[in-house]
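# Descriptive structure summary
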Amino acid sequence: FLHKERIKLHLDGNLSIFDYERKNALLFSQGDWSLIRRDLALANIDASVIDALENGPCKELIRAFRVRRELIHYKKVCLHLFEEARVLERELKQVMSFFFWYDSDNVEEGIKTHIRAIVSLMEADLHENVISPLDLDAVRKAMERHKDGDSCELIDRKLMYVLASGAWMYHRGIIRALQDARDFAKAICLSPRHPEGETHGERPFKLKAMPSSMQVEQAVLKAEREDPLEVSRCKRRSHAKDDGIVSKNDDGIPSSNAHGDRVTKGKVAMDRILEKVRNNLSWPQESICILSLSIAARGGFKALAIVEEMSLYSMHLSELPARVENLCQRFKEAQMEATSGLQDSAVSDDDLSAAVLRHKEIHHLKGILNVCEENAKWISVLDKLVFDLMDNSYGNGRLFVAGDDKTSNGSFVPEDFQLGKCLSSSRKILGEILIPTMRQALQQEPWPPASGSRRSRVLAFNEITIKDAIVGKKKLQQCNDCSGFFDSRWIRHQICSICKAVKRDESDGSSCLFVGCKAGPEAYCTHDRRCFICDAPHSCNQCRLSMGNGEIVTAMVETIRPKVLLLDFDRTLCSTKAGSSPLPKSSSKHQSKEGYSHSIDSELKMAVMAQQGHGKSHVITRNSHKVQIETFLEKHGLQDLAQNVHVVPKKVKKGAYILDTFSENAAGGDSFIFVDDDIKELCADPWLRSYPNMHRLLFRRY
């Protein structure tokens, strides 16, 4: 039943599970039940006994492995959404600074008009699911009047600023909740591998201090302490010192530290599983020790700890949406009550300050609420997977697949996943109201703003106004088109966002806007008017062209399930370049410039393994060392791939070679994934661009 020497034959480096301890825990292959099954098989444990283990006491562990994998990819999805939200935030900051109007010549009238603008938009704020700002007459009139600077009134300018600032605060709420979702998922995934923990058995501080360490919880607590009718900037300053990262009790200890932190998470679940094995399957103690070592070394204990931490997070998270919704309603009611009589009476700067802060808090809480509801839903879904409480809505397939690379569009989520749609409101207001209105106004105004302009928060200067700029010239960049000076909010690649938009509109949409682009017109996306190189990161589903690393390729294989996976060799699957041999030279005299030996991309190797269940993998390369490439692949355990190495002849496009070599697959409409690190190889051939089942990926190693 036990054969230690046979286990010793299957090592992680120079280690077996009998060598597992806290200091070397990171050196072991882990993360899947199949590794534990392999260890038990090497211990001469009968397959039927292992099957009984899988269908009995270890069912909980197998589900924990699945939840761990799903949570890892869920946090990556949250990260991608967070990065996308940051890009939108930049545009929102642009329009908000543009629409700010300096009205120092009549401060009292400016205050009254600002409050009128807040009240005019209140109907859309109160019924956002029914009424859009575009449905309001005041907004449509303001947009129309911005076409003619002379007919544009102060109320129109204030409306646009209030709308922009509200959209920005809503977006800040989204960003805050998305970052929170990602940070906590990551903290949970950092649970220690070893039962004794990795740092004296302590849990991560973010988990120890939960829920007070949650950014969303901090925002809610801060808003709950305030009286919406009494809020103003001067009163808020008195609470500034209370906005610490973690709320503490009277002893100065984080509020959640009172229970359960001395016991490493996952220990109870692991002991429960081993006890069931002992009692239900009558395993001897020696065999249970082997199982225990294997579970710990192969990440089983970590998976159980993740499950326990996630259940605790789910419990705290489930209470938040109702609190945020009630709090948001309080601020809405207070805003209606406080502003009802202000439009026709004398108002002070403090009245305006209170109205503005309530308006911002309403939108901030709305953004938090939308993300919190969806995050709570999916954390709950993952939590129920552990205890097999889910219906068959999601089956046994993957829920989330995403890579670390934010430049790729290769994230795959369930059909009813709505977290990505939280950003649609910001996109809609930007695309339908704010950006069109800003560009209409700029048709009547100079850009950058001229001397004496009331757009005082736009950090954009010409040769004259730069002398009186409130920021140093060294912090500004000059636009090559309009010669203006801009802060980083407005400029990228030596062209300001306004000039860039104008050039996009004036272009025929067939080639890159940037001078000196070497990618060629074939690498230009006509759908989004973006160059895959100069406007990187950019990916387009309609072009069927993405950008990413080996992990993205694996995700695409699992989702698309192609019949044919085509991989470039140099600087893609292997570290070789310029057609050099991947094998060590027998003599240093003939050694290649880039080193004596080469490595294989481990993530692309996983993609090749994943492809085995769907079709075949092939190497498509211009490297003439075919025999050496085949030997290199065999040494790395890719015997099947070694039999499918194709060397493309000189002066022949890879696309033409692929069509000729795989003509039967193409005629049958089979799906392909083609991975290469050269954009020209992916785009030069017209068949690659036109064949509807050819999915291309520009490989980038990060």
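In the block above lies the structure referred to throughout.
Here's what I pulled together on the structure shown here. Everything numeric here is computed off the predicted structure, so don't read it as measured data.

## Some remarks on helix α20 (residues 602-611)
Working note: α-helix, 3.6 residues per turn, so residues spaced by three or four point in the same direction. If you check which residues of α20 are buried, you get Leu604, Ala607, Val608 and Gln611. Viewed along the axis of α20, the buried residues span an arc of 100°, placing them on a single side of the element. Structurally, the start of α20 carries an N-cap: the backbone nitrogen of Glu603 is 3.1 Å from a side-chain oxygen of Asp601.

## Quick word on the sheet that holds strand β3 (residues 485-486)
With antiparallel pairing, 3 strands are arranged side by side in an open sheet as β1-β3-β2. Each edge of the open sheet is held by one strand with a lone partner, namely β1 (460-461) and β2 (477-478).

## Describing the pattern of salt bridges
Within this structure, the stated rule accounts for 24 salt bridges. Two residues, Asp103 and Lys158, come together in a salt bridge whose shortest N-O distance is 2.7 Å. Taken together, the positions of Asp103 in the loop between α4 (59-99) and α5 (107-120) and Lys158 in helix α8 (residues 154-189) put the pair 55 residues apart, joining distant regions of the chain. Per residue, the accessibility class of Asp103 equals that of Lys158, and both read buried. A salt bridge links Arg323 to Glu224, with the shortest nitrogen-to-oxygen separation between them at 3.3 Å. Taken together, the residues Arg323 in helix α15 (residues 320-339) and Glu224 in helix α10 (residues 215-224) connect sequence positions 99 residues apart. We classify Glu224 as partly exposed; its relative accessible area is 32%. Here the salt bridges share partners, and the residues they tie into one network are Arg37, Asp51 and Glu54.

## A look at the environment of Asp183
Mapped onto the secondary structure, Asp183 falls in helix α8. Through-space distance from the C-alpha of Asp183 to that of Lys206 is 8.8 Å; in sequence the pair is 23 residues apart. Here Asp183 is in contact with Lys206 and Gln215, once residues within four sequence places are set aside.

## Details of the packing of aromatic side chains
What characterises a pair of aromatic rings is the spacing of the ring centres plus the angle enclosed by the ring planes. For the structure on display, the rule yields 15 aromatic pairs. Seen from their ring centres, Tyr20 and Phe28 are 5.3 Å apart, and the 80° between their planes marks the pair as edge-to-face. Given the relative accessible area of 9%, Tyr20 is considered buried. Taking the centre distance of 5.4 Å and the plane angle of 75° together, the rings of Phe100 and Tyr161 count as edge-to-face. In this pair, Phe100 is assigned in the loop between α4 and α5 and Tyr161 in helix α8, connecting sequence segments 61 residues apart. Residue Phe100 is classed as buried on the basis of its relative accessible area, which comes to 16%.

## Here we look at the pairing of strand β13 (residues 694-699)
Among the 6 residues in β13, 5 count as buried, and that is most of the element. One ladder, built from 4 bridges, connects strand β8 (residues 545-548) with β13; its direction is parallel. Its bridge partner lying in β13, Gly548 is registered against Phe699. Here strand β12 (residues 672-676) pairs with β13 via 5 bridges, running parallel. The residue of β13 that forms the bridge with Val675 is Leu697.

## Section: the environment of Ala334
Along the chain, the position of Ala334 falls in helix α15. Taking the C-alpha atoms as reference points, Ala334 and Glu230, 104 residues apart in sequence, are found 9.4 Å from one another. The residues contacting Ala334, other than those within four sequence positions of it, are Pro228, Leu229 and Arg358.

## Brief notes about the sheet that holds strand β9 (residues 564-567)
The 6 strands lie next to each other as β8-β13-β12-β9-β10-β11, forming an open sheet whose pairing is parallel. At either margin of the open sheet sits one strand with a lone partner, and together these are β8 and β11 (645-647). Taken over all neighbouring pairs, the strand axes of this sheet differ in orientation by 25° on average, direction set aside. Pairing of strand β10 (residues 616-621) with β11, which is carried by 3 bridges, proceeds in the parallel orientation.

## With respect to the packing of α15 against helix α16 (residues 349-386)
At a minimum axis separation of 9 Å, α15 and α16 run at an interaxial angle of 160°. Put simply, α15 runs roughly antiparallel to α16. Crossing of α15 against α16: the hand is left-handed. On α16, the residues that touch Leu320, Pro321, Val324, Glu325, Leu327, Cys328, Phe331, Lys332, Ala334, Gln335, Ala338 and Thr339 of α15 are Ala355, Arg358, His359, Glu361, Ile362, Leu365, Lys366, Ile368, Leu369, Cys372, Glu373 and Ala376. Split by residue class, the contact of α15 with α16 holds 15 nonpolar, 3 polar and 6 charged.

## As for the nonpolar core
Core analysis: the biggest nonpolar cluster contains 139 residues, and Leu71, Leu434 and Trp447 have the highest contact counts within it. The element best represented in this core is α8, accounting for 21 residues. In this structure Trp447 touches Phe98, Leu442, Val458, Ala460, Cys482, Phe486, Trp490, Cys496 and Ile498, once residues within four positions along its chain are discounted. Judged by nonpolar contacts, the second largest core, of 30 residues, contains Phe532, Cys543, Tyr657 and Phe672.

## Focus on the state of the cysteines
As enumerated under the stated definition, the model contains 0 disulfides in all. In this structure Cys372 is a free cysteine whose sulfur lies 9.9 Å from that of Cys422, the closest cysteine sulfur available. The structure places no disulfide on Cys496, whose sulfur is separated from the nearest cysteine sulfur, that of Cys499, by 3.3 Å.

## Examining unusual backbone geometry
For the bond from Met210 to Pro211, the omega torsion is 5°, close enough to zero to count as cis. Within the secondary structure, Pro211 is located in the loop between α9 (205-208) and α10. With omega at 0°, the peptide bond leading from Trp447 into Pro448 counts as cis. Of note in this structure, Arg561 is not a glycine but carries a positive phi near 55°. Tracing the chain through its elements places Arg561 in the loop between α19 (550-560) and β9. If you check the backbone angles, Arg571 has positive phi at about 60° while not being a glycine. The topology assignment puts Arg571 in the loop between β9 and α20. Arg571 gets classed as partly exposed once you look at its relative accessible area, which sits at 33%.

## Describing the side chain of Asp156
Inspection of the secondary structure assignment puts Asp156 in helix α8. Within the structure, the side chain of Asp156 is placed 3.1 Å from the side chain of Arg145, a separation counted as a polar contact. Apart from the residues lying within four places of it in its own chain, the contact partners of Asp156 are Ala142, Arg145, His146 and Ser151.

Conventions used here
- Residues numbered from 1 in each chain as written.
- Predicted model: local features only at pLDDT ≥ 70, side-chain atom pairs only at ≥ 80, totals over all residues.
- Heavy atoms only, no water.
- Buried < 20%, exposed > 50% of the residue type's maximum accessible area, 1.4 Å probe, protein only.
- Helix = DSSP H or I, 4+ residues; strand = E, 2+ residues; numbered from the N terminus.
- Arc of directions from axis to C-beta.
- Polar contact = N/O pair within 3.5 Å; in protein donor to acceptor, adjacent residues only side chain to side chain.
- Pairing = 2+ DSSP bridges.
- Salt bridge = Lys/Arg side-chain N within 4 Å of Asp/Glu carboxyl O.
- Contact = heavy atoms within 4.5 Å.
- Phe/Tyr/Trp six-rings, centres within 6.5 Å; stacked < 30°, edge-to-face > 60°.
- Axes fitted to C-alpha atoms, helices over the stretch in contact; angles between N-to-C directions.
- Parallel < 35°, antiparallel > 145°, perpendicular 65-115°, else oblique.
- Left-handed = near helix turned anticlockwise from the far one by under 90°.
- Nonpolar A, V, L, I, M, F, W, Y, C, P; charged D, E, K, R; others polar.
- Core = buried A, V, L, I, M, F, W, Y, C linked by side-chain atoms within 4.5 Å.
- Disulfide = S-S within 2.5 Å.

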